[in-house]
Amino acid sequence: MIVPSLKLEDTAMTIKLTEINPAECYRILENERFGHLACCKDGQPYVAAIYFAFSSGVAYSFTMPGKKLDWMRGNDKVCLHVERRSSAGGWTSVVVEGRFEEFPDSDTRQSERLHAWSLLQKYSDWWEIGSMKPQELPMLDGSPHVFYGIAVTAVSGRSAVRTE
């Protein structure tokens, strides 16, 4: 579906809003690494910041046990929002509808887990958001961290550009 450009005008500026095609949405996802993940339980939404790496239709990420993981395990339908701002005052926004897939440390999912780690570890801070909790956690014998992916089922995007 093609949406015509929309102009929003006020005394300070004019903004041209356009829909971007899926191919451009995928290019943006491949080049960005920070977004907001939304999940839902019993009709109540929850949004959390995540770092991710995108490849072949999957946004790979990492987390520790907690609300986000519990809710995604209970309802695998999730949404990822990624926004990129331009120096000229515009922005591009991509929304991914997808399904949560957990990659546990087991023989059957080991290749997906290693693939997720190989993509994420390219960045020095890939683990920060997923490993931090506001309260202190007890010491454990093993790490409870979880690698997971968001498999894309639909993608859409919009771009806003200032025009003078």
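Residues numbered from 1 in each chain as written. Predicted model: local features only at pLDDT ≥ 70, side-chain atom pairs only at ≥ 80, totals over all residues. Heavy atoms only, no water.

Per an unreviewed UniProt entry, the recorded name for the chain is Pyridoxamine 5'-phosphate oxidase family protein, and the organism is Rhizobium sophorae.

Q: How do you make sense of the overall build of the chain when you look at a structure like this?
A: Of regular secondary structure, the chain possesses four helices and nine strands. Secondary structure of the chain in N-to-C order comes out as β-β-α-β-β-β-β-α-β-β-α-α-β. Every one of the 164 residues in the chain was classed for burial, and the buried ones make up 35%. Here the contacts in the chain between residues at least 6 apart in sequence split such that 68% fall between residues at least 24 apart. Here the chain displays about 10000 Å² of accessible surface, and carbon together with sulfur accounts for 52% of that area. (Helix = DSSP H or I, 4+ residues; strand = E, 2+ residues; numbered from the N terminus. Buried < 20%, exposed > 50% of the residue type's maximum accessible area, 1.4 Å probe, protein only. Contact = heavy atoms within 4.5 Å. Areas by Shrake-Rupley, 256 points an atom, 1.4 Å probe, with all protein chains shown as cover.)

Q: For this particular structure, what's the right way to read the pairing of strand E9 (residues 146-163)?
A: One face of the sheet, then the other: side chains in a regular strand alternate in exactly this way. Examined bridge by bridge, strand E2 (residues 14-20) and E9 share seven bridges and lie antiparallel to one another. What sits directly across from Glu-19, in E9, is Arg-158. By the bridge criterion, six bridges tie strand E6 (residues 58-63) to E9 in an arrangement that is antiparallel. Across the sheet, Thr-63 pairs through a bridge with Val-146, a residue of E9. Across 13 bridges, the pairing between strand E8 (residues 91-103) and E9 is antiparallel. Paired with Val-95 across the strands is Ser-156, a residue of E9. (Pairing = 2+ DSSP bridges.)

Q: Explain helix H2 (residues 67-74) here, please?
A: Residues separated by three or four positions in an α-helix point in the same direction, a consequence of the helix having 3.6 residues per turn. Of all the residues in H2, the buried ones are Lys-68, Leu-69, Trp-71 and Met-72. End-on view of H2: buried residues confined to an arc of 165 degrees, all on one side of the axis. If you follow the buried residues of H2, they end up packed against strand E3 (34-41), strand E4 (44-51), E6, strand E7 (77-85), E8 and E9. (Arc of directions from axis to C-beta.)

Q: Hey, could you run me through the confidence of the model for the chain in this one?
A: In low-pLDDT regions, the fine details of the predicted coordinates are not to be read closely. Per-residue confidence for the chain gives a mean pLDDT of 81; residues scoring 70 or more make up 73%. Scored below 50 in pLDDT, residues 126-133 shows 20 contacts in the model against residues more than four places distant or in partner chains. (pLDDT = per-residue confidence, 0-100.)

Q: It is not clear to me how the nonpolar core should be interpreted in this structure. Could you clarify?
A: Taken as a class, soluble globular proteins show a tendency for nonpolar side chains to be buried jointly. If you look at the biggest cluster of nonpolar residues, it comprises 24 residues, and the most contacted ones within it are Leu-29, Leu-37, Phe-52, Met-72, Leu-80, Val-94 and Ile-150. Elements supplying a minimum of two residues to this core: helix H1 (22-31), E3, H2, E7, E8 and E9. Looking at this core element by element, the count peaks at five residues for E9. Core analysis: the second largest hydrophobic core is formed by ten residues, Ala-53, Tyr-60, Phe-62 and Phe-147 among them. (Core = buried A, V, L, I, M, F, W, Y, C linked by side-chain atoms within 4.5 Å.)

Q: Can you help me understand the pattern of salt bridges in this one?
A: When the charged atoms of two side chains with opposite charge come close together, those side chains can pair. Within the structure shown, the criterion is met by five salt bridges. Between Asp-76 and Arg-99 there is a salt bridge whose closest N-O contact spans 2.7 Å. You can see Asp-76 sitting in the loop between H2 and E7 and its partner Arg-99 sitting in strand E8, a full 23 residues away along the chain. As a salt-bridge pair, Arg-85 and Glu-83 come within 3.5 Å of each other at their nearest N and O atoms. (Salt bridge = Lys/Arg side-chain N within 4 Å of Asp/Glu carboxyl O.)

Q: Any chance you could explain unusual backbone geometry here in plain terms?
A: Of all residues except glycine, most have a negative phi; of all peptide bonds, most are trans. At Asp-42, a position not held by glycine, the phi torsion is positive, near 50 degrees. According to the relative accessible area criterion, Asp-42 is exposed, its value standing at 77%. Within the chain, Ser-56 stands out as a residue other than glycine whose phi angle is a positive 50 degrees. Relative to the assigned elements, Ser-56 resides in the loop between strand E5 (53-55) and E6.

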